[in-house]
Amino acid sequence: MAKPVPRLNAAEIEQVIATAWDDKPPFDRVLRQHGLNPGQVVQLLKRELTPNAFKVWTARTKAKSGR
């Protein structure tokens, strides 16, 4: 089971989301910058994004990893 997402302020949450959506940096950069593991990033995005936006992000990350 993934560790709970640590408390982040609104600006930090925005930064995690923006970095996760960006096509240029690797996903690992999000993890290093914010001290989150992959499960925590997914939990955070699932909680903060709309269901449709989360679905789109998931599809994008799967497509990027398949390159």
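What you see is a predicted model, and the numbers here were worked out from it, not measured in a lab. (Residues numbered from 1 in each chain as written. Predicted model: local features only at pLDDT ≥ 70, side-chain atom pairs only at ≥ 80, totals over all residues. Heavy atoms only, no water.)

Draft legend 1. How the structure looks around helix α3 (residues 38-48). Of all the positions in α3, only Gln 40, Val 41, Leu 44 and Leu 45 are classed as buried. Within α3, the buried residues cover an arc of 130° as seen down the axis, which keeps them to one side. Along α3, the residues that are exposed and aim more than 90 degrees away from the buried face are Lys 46 and Arg 47. Measuring from the side-chain oxygen of the N-cap residue of α3 to the backbone nitrogen of Gly 39 gives 3.0 Å; that N-cap residue is Asn 37. (Buried < 20%, exposed > 50% of the residue type's maximum accessible area, 1.4 Å probe, protein only. Helix = DSSP H or I, 4+ residues; strand = E, 2+ residues; numbered from the N terminus. Arc of directions from axis to C-beta. Polar contact = N/O pair within 3.5 Å; in protein donor to acceptor, adjacent residues only side chain to side chain.)

Draft legend 2. Structural view of the environment of Trp 21. By the element assignment, Trp 21 lies in helix α1 (residues 10-21). Its relative accessible area of 24% is what places Trp 21 among the partly exposed residues. Separated by 40 residues in the primary sequence, Trp 21 and Thr 61 have C-alpha atoms spaced 8.8 Å apart. Beyond its immediate sequence surroundings of up to four residues, Trp 21 is in contact with Leu 49, Ala 53, Val 56, Trp 57 and Arg 60. (Contact = heavy atoms within 4.5 Å.)

Draft legend 3. Geometry of the nonpolar core. One finds Leu 44, Leu 45, Leu 49 and Trp 57 to be the most contacted residues of the largest nonpolar core, which totals 13 residues. Counting residues per element, the ones that place at least two in this core are α1, α3 and α4 (51-65). Ranked by the residues each element gives to this core, the list is headed by α1, at four residues. Other than its neighbours up to four places away in sequence, Leu 45 contacts Ile 17, Ala 20, Phe 54 and Trp 57. (Core = buried A, V, L, I, M, F, W, Y, C linked by side-chain atoms within 4.5 Å.)

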